[in-house]
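# Remarks on the overall topology
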Amino acid sequence: MQASQRLRISGMSNGLYYQPIREVEADCLPQFQTFDRQQYYNDSSQASNNYLAQNFYERYCTLESSSGNGSYAVHNSPSTVSFSPNGSPMSQQDSHSYPADPHYSPDNTYGSPISGSCITDEVNDFKHKLKELENVMLGPDCNFLDSYDSSFQNGINNTSLEMDSCRQVMEAVSNRNLKQILIFCAKAVSDNDLLMAHWLMDELRQMVSVTGEPIQRLGAYMLEGLVARLASSGSTICKALKCIEPESKDLLSYMHILYEVCPYFKFGYMSANGAIAEAMKDEKRVHIIDFQIAQGSQWLTLIQAFASRPGGPPHIRITGIDDSMSAYARGGGLNIVRKRLSKLAESFKVPFEFHAAAMSGCEVQLENLGVRPGEALAVNFAFMLHHMPDESVSTQNHRDRLLRLVKGLSPKVVTLVEQESNTNTAAFYPRFLETLNYYTAMFESIDVTLPREHKERINVEQHCLAREVVNILACEGPERVERHELLGKWRSRFKMAGFTPYPLSSLVNATIKTLLENYCNKYRLQERDGALYLGWMDRDLVASCAWK
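Report follows, based on the coordinates. (Residues numbered from 1 in each chain as written. Predicted model: local features only at pLDDT ≥ 70, side-chain atom pairs only at ≥ 80, totals over all residues. Heavy atoms only, no water.)

### Remarks on the overall build of the chain
- Scanning the chain from terminus to terminus reveals 20 helices and 10 strands.
- The buried share among the 548 residues of the chain stands at 55%.
- Looking at the chain alone, contacts between residues at least 24 apart form 78% of all its contacts between residues at least 6 apart.
- Taken as a whole, the chain presents about 23,400 Å² of accessible surface, with 52% of it coming from carbon and sulfur. (Helix = DSSP H or I, 4+ residues; strand = E, 2+ residues; numbered from the N terminus. Buried < 20%, exposed > 50% of the residue type's maximum accessible area, 1.4 Å probe, protein only. Contact = heavy atoms within 4.5 Å. Areas by Shrake-Rupley, 256 points an atom, 1.4 Å probe, with all protein chains shown as cover.)

### Things to note about the environment of glycine 312
- Tracing the backbone through its elements, the reader meets glycine 312 in the loop between helix H13 (298-307) and strand E4 (315-322).
- The partly exposed category is assigned to glycine 312, whose relative accessible area is 22%.
- Residues glycine 312 and lysine 349, 37 residues apart in the sequence, show an inter-C-alpha distance of 9.6 Å.

### Brief notes about helix H19 (residues 487-496)
- All of the buried residues along H19 are Leu487, Trp490, Arg491, Arg493 and Phe494. Seen along its axis, H19 keeps its buried residues to an arc of 165°; they face one direction. In H19, those exposed residues whose orientation departs by more than 90 degrees from the buried face are Lys495 and Met496.
- Glycine 498 sits one or two positions beyond H19 and adopts a positive phi of about 105°. (Arc of directions from axis to C-beta.)

### Thoughts on the pairing of strand E6 (residues 376-382)
- When you tally the buried positions in E6, you get 7 out of 7 residues, the bulk of the element.
- On E6, burial covers both faces: Ala376, Ala378, Asn380 and Ala382 on one face and Leu377, Val379 and Phe381 on the other are all buried.
- Where strand E3 (residues 285-290) lies against E6, 5 bridges are found, and the strand directions are parallel. The residue of E6 that forms the bridge with valine 286 is alanine 376.
- For the segment spanning E6, helix H16 (residues 398-407) and strand E7 (residues 413-419), crossover handedness is right-handed. (Pairing = 2+ DSSP bridges. Right-handed = clockwise from strand over helix to strand, strands pointing away.)

### Description of the pattern of salt bridges
- Inspection of the entire model under this criterion finds 23 salt bridges.
- As a salt-bridge pair, glutamate 485 and arginine 399 come within 3.3 Å of each other at their nearest N and O atoms. Linking glutamate 485 in the loop between helix H18 (455-474) and H19 with arginine 399 in helix H16, this pair joins segments that are 86 residues apart in sequence.
- A relative accessible area of 5% means that glutamate 485 is categorised as buried. (Salt bridge = Lys/Arg side-chain N within 4 Å of Asp/Glu carboxyl O.)

### Structural notes on the environment of asparagine 273
- Inspection of the secondary structure assignment puts asparagine 273 in helix H12 (residues 264-279).
- Spatially, the C-alpha atoms of asparagine 273 and threonine 415 are 8.5 Å apart, while their sequence positions differ by 142 residues.
- Ignoring any residue separated from it by four or fewer positions in sequence, one finds asparagine 273 in contact with Gln298, Trp299, Thr301 and Leu302.
- At 2.9 Å, the side chain of asparagine 273 forms a polar contact with the backbone oxygen of glutamine 298.
- For asparagine 273, the side chain forms a polar contact with the side chain of threonine 301, separated by 3.4 Å. (Polar contact = N/O pair within 3.5 Å; in protein donor to acceptor, adjacent residues only side chain to side chain.)

### Brief notes about the sheet that holds strand E8 (residues 523-528)
- With mixed pairing, the 8 strands of this open sheet are ordered in space as E5-E4-E3-E6-E7-E10-E9-E8. Either end of the sheet is taken by a strand with one partner, and the two such strands are strand E5 (352-358) and E8. Direction aside, neighbouring strands of the sheet carry axes that sit 15° apart on average.
- Together, E3, E6, E7, E8, strand E9 (531-536) and strand E10 (539-547) form the strand contacts of H12, whose direction differs from that of E7 by roughly 170°.
- Its contacts with the sheet place helix H17 (residues 428-447) against E7, E8, E9 and E10, and it is angled at close to 95° to E10. (Axes fitted to C-alpha atoms, helices over the stretch in contact; angles between N-to-C directions.)

### With respect to helix H7 (residues 178-190)
- For H7, with 13 residues, the first-to-last C-alpha span of 18 Å sits near the 18 Å given by 1.5 Å per residue.
- Leu178, Ile181, Leu182, Ile183, Phe184, Cys185, Ala186, Ala188 and Val189 are the residues of H7 that are buried.
- Downstream of H7 by a residue or two, asparagine 192 has a phi angle that is positive, lying close to 60°. (Expected span 1.5 Å × (residues − 1).)

### Things to note about the pairing of E10
- Within E10, 9 of the 9 residues are buried, which leaves it mostly tucked inside the rest of the structure.
- As judged from the 6 bridges shared by E7 and E10, these two strands associate in the antiparallel manner. Paired with valine 414 across the two strands is tryptophan 547, which belongs to E10.
- With 5 bridges joining them, E9 and E10 adopt antiparallel strand pairing. If you follow leucine 532 over to E10, its bridge partner there is serine 544.

### Here we look at the packing of H13 against helix H15 (residues 335-347)
- Interaxial distance between H13 and H15 falls to 10 Å at its minimum, and their mutual angle equals 20°. With respect to each other, H13 and H15 are oriented roughly parallel. As H13 runs across H15, the sense of the crossing is right-handed. Within the contact between the two elements, H13 uses Trp299, Leu300, Ile303 and Gln304 and H15 uses Arg340, Leu341, Leu344 and Ala345.
- Grouping the amino acids of the contact of H13 with H15 by side-chain chemistry returns 6 nonpolar, 1 polar and 1 charged. (Parallel < 35°, antiparallel > 145°, perpendicular 65-115°, else oblique. Left-handed = near helix turned anticlockwise from the far one by under 90°. Nonpolar A, V, L, I, M, F, W, Y, C, P; charged D, E, K, R; others polar.)

### Notes on the packing of aromatic side chains
- Inspection of the entire model under this criterion finds 11 aromatic pairs.
- Arranged with centres 6.0 Å apart and planes meeting at 80°, the rings of tyrosine 519 and tyrosine 523 form a pair that is edge-to-face. Exposure class is identical for tyrosine 519 and tyrosine 523. Each is buried.
- Three or more aromatic residues link up through ring pairs in this structure, and these residues are Tyr264, Tyr519, Tyr523 and Trp536.
- Its end group placed over the ring of tyrosine 429, lysine 187 keeps NZ or CZ at 5.9 Å from the ring centre. (Phe/Tyr/Trp six-rings, centres within 6.5 Å; stacked < 30°, edge-to-face > 60°. Lys NZ or Arg CZ within 6 Å of the ring centre and 35° of its normal.)

### Some remarks on the packing of H12 against H13
- Where H12 contacts H13, the axes come no closer than 10 Å and their chain directions differ by 35°. Classified by chirality, the crossing of H13 by H12 is right-handed. Note on element contacts: H13 touches H12 through Gln298, Trp299, Thr301, Leu302 and Phe306, opposite Tyr269, Ala272, Asn273, Ile276 and Ala277.
- Per-class residue counts for the contact of H12 with H13 are 7 nonpolar, 3 polar and no charged.

### Comments concerning the side chain of glutamate 434
- In this fold, glutamate 434 is placed in helix H17.
- Its relative accessible area of 16% is what places glutamate 434 among the buried residues.

Purely geometric numbers; function is a separate question.
Right under this line is the structure:
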């Protein structure tokens, strides 16, 4: 999670502001205007398509500075501009100046007449005349027409499928089915169907709301991702989004709220700490390498646990690896973490050292880890590895490189906590569906804890989750840093690097079950194949396991 990249007190992400929607006059596809869509695409130049996408984005991008105290009403602006058949803008008055189509139907969105007189009657008449001609020229036993009919029917079937798809879209819009419209819009974006995408975006703008139901709130951020994808990609996306970071003290507050209202991050840190405590129960000198230390809050409870260990606490040394995003959320460098952990260790009389490595995981080399002989080593990958580019992004493949580097250090235990989602190498459309499914569960779980009108809930979702959603949908290549993998894929990577599973203790499982008793009963904990899964209802959201 970009959640963890900012603050491991809650594992949260980059900040994101959602500006209230401005009243604009939208260039949208008239819902029932008859024209030849294929001819439109054939006649329109690439420059025209680019203009449409950029113009639409400029009118609809709302990811700007705002506040939880502001108004988040979604305005319903009637469209006053449409497109002519050649792609040029025209007024609504002009759009109705075409001669009336005698076969017009409200379901006939794209200009394919559906009345019997146009398709069925003409086809039957044509086939009858063809059969008469066939009998005269070739005899009554010839099957030429049957062969023709089979080919012709395939064409009719394809047309029927297309019309059926159009009817499904119209039905979803008519029923205000937000989830289905999001899916249809993503398919249109995936197919580069700009007119359909723009029209559905117009419809979605009237339905999403950052103060509404979970699907309405998530839909607001997914819509931004779709709009941003049409308008831009890659390195230009961050500039186009006009995101302004909140003050670090405010960001820290939002992260802490999410950490408290949802058990996902507590679950991850508790399971990882349990595995480390179990592996180090007889060690005198312990070295923990944390590849994304952020606030260092994960280690507060572990230091206290070591302090009460029979026979006295071990000497603990923590190497904290960091990047600029975590430093921003913290409001300063790693020295803040050093002071915080050192003060706690001193109060519990635990011998303690801190080693800082201010860099991203992609930059880490052996010499940055400060490994010493005689220390039992634990390595922690909590909500971090999915930010590392793999073989699909970089020839260096930092994801597997780090695992091989760590395996070479012969650690006693390596902990992995990751989101149980599949967005790394998936193409855009299946990635959209996976993101919709995953974050729907996340937003629903927040909804049962924080009231919808609670201004802090708006801030939490905007600053801690929305930027992840936009990055997954709008960015590609190195600029897409949210690249989640399912635990099955992580298992393959760990085994390929030479690791073997380290079973989690039953005590850890029991402790986490007790933790969940303080939350909604829709959360569920499952143990499968030596790993723990925390989910919301029937959806796994976070997976935790250990290796050696």
